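Now for the letters of each chain:
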Amino acid sequence: MIKTFPAPDIIVTSQDGEYLMIVEVKLKHISIAKSAIEQLKHTMAAIGCSVGLVVAGERVILLRDSLEKYNGESIYVVGEAQLPDSLLPPADEQWKGNPASEFESRVQRWLEKLKLTASMDNFPNDLRNLLGEQIISLLRIGEVRAAGPRWSKSAK
């Protein structure tokens, strides 16, 4: 029997396909964040990824697996920080009118931009401290992409 797990929204993979980081994106914040964290923990354990991000509204929550226990029991929340809307680039035009896909596209473009510039100078202190050099390094060495298809309104 094949086990299925919820797919993350954005993935960062190495050149050989290893998951370096997975990202769960939710348009709304706190009320949805708890279920998004549990979903991300489950996915991290299922695919063997030790770093995860939840971006829920204007919050970023970093999860890490210390790999001390089996089956995701050692995954914990490292911390959370504000993600000001002003840091997110505009979405691709094709997602306009679909708020969830538009937000997901903006988050992906932000991560891609971070990969290229690696500058956190204009970040609030809490976000700079949360992401730190380790997350930036994962972005630099990995490929940031959508984990699955996003359906534009023109494709419906």
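Residues numbered from 1 in each chain as written. Predicted model: local features only at pLDDT ≥ 70, side-chain atom pairs only at ≥ 80, totals over all residues. Heavy atoms only, no water.

Draft legend 1. Structural context of the sheet that holds strand β5 (residues 75-82). If you trace the six strands from one edge of the open sheet to the other, you get β5-β4-β3-β2-β1-β6, paired in mixed fashion. Looking at the sheet topology across the chains shown, the edges are occupied by β5 and β6 (143-146). Taking the axes of each pair of neighbouring strands and ignoring which way they run, one obtains an average angle of 20° across the sheet. (Pairing = 2+ DSSP bridges. Helix = DSSP H or I, 4+ residues; strand = E, 2+ residues; numbered from the N terminus. Axes fitted to C-alpha atoms, helices over the stretch in contact; angles between N-to-C directions.)

Draft legend 2. Highlighting the nonpolar core. Ranked by internal contacts, the top residues of the largest apolar core, which has 30 residues, are Trp110, Leu111, Leu114, Leu127 and Leu131. Secondary-structure elements contributing two or more residues to this core are β1 (10-13), β2 (19-26), β3 (51-56), β4 (59-65), α2 (99-117) and α3 (125-141). Per element, the largest residue contribution to this core is seven residues, and it comes from α3. Ignoring anything within four residues of it in the chain, the contact list for Leu114 reads Ser119, Met120, Phe123, Leu131, Ile136 and Leu139. With 14 residues, the next largest nonpolar core counts Met44, Val54, Ala56 and Ile61 among its residues. (Core = buried A, V, L, I, M, F, W, Y, C linked by side-chain atoms within 4.5 Å. Buried < 20%, exposed > 50% of the residue type's maximum accessible area, 1.4 Å probe, protein only. Contact = heavy atoms within 4.5 Å.)

Draft legend 3. Broad picture of the pattern of salt bridges. Summed over the entire model, instances satisfying the criterion amount to five salt bridges. For Arg59, the salt bridge goes to Glu80, with nearest N and O atoms at 2.9 Å. With Arg59 in strand β4 and Glu80 in strand β5, the pair connects residues that are 21 residues apart, well separated along the chain. When its relative accessible area of 18% is taken as the criterion, Arg59 is described as buried. Across the pair Asp85 and Arg106 runs a salt bridge whose closest N-O atoms are separated by 2.8 Å. Here Asp85, found in the loop between β5 and α2, pairs with Arg106, found in helix α2; they are 21 residues apart in sequence, far enough to count as distant. Taking relative accessible area as the criterion, Arg106 reaches 15% and is therefore assigned buried. (Salt bridge = Lys/Arg side-chain N within 4 Å of Asp/Glu carboxyl O.)

Draft legend 4. Layout of the packing of α2 against α3. The N-to-C vectors of α2 and α3 enclose an angle of 75°; their axes lie 9 Å apart at closest approach. Relative to α3, the element α2 lies roughly perpendicular. For the pair α2 and α3, the contacting residues are Trp110, Leu111, Leu114 and Lys115 in the first and Leu127, Leu131, Ile136, Leu139, Arg140 and Ile141 in the second. Here the residues of the contact of α2 with α3 sort into eight nonpolar, no polar and two charged. (Parallel < 35°, antiparallel > 145°, perpendicular 65-115°, else oblique. Nonpolar A, V, L, I, M, F, W, Y, C, P; charged D, E, K, R; others polar.)

Draft legend 5. Spotlight on unusual backbone geometry. In the Ramachandran plot, Leu67 falls in the positive-phi region, its phi being about 60° despite a non-glycine side chain. Inspection of the secondary structure assignment puts Leu67 in the loop between β4 and β5. Residue Leu67 is classed as exposed on the basis of its relative accessible area of 61%.

Draft legend 6. Representation of the side chain of Asp65 within the structure. Here Asp65 lies in strand β4. It turns out Asp65 is buried and unbridged, and the closest side chain with the opposite charge, Arg64, is 9.6 Å from it. Separated by 2.8 Å, the side chain of Asp65 and the backbone nitrogen of Leu67 make a polar contact. Leaving out residues up to four positions away in the same chain, Asp65 has contacts with Met44, Ser50, Gly72, Ser74 and Ile75. (Lys, Arg positive; Asp, Glu negative; His and termini not counted. Polar contact = N/O pair within 3.5 Å; in protein donor to acceptor, adjacent residues only side chain to side chain.)

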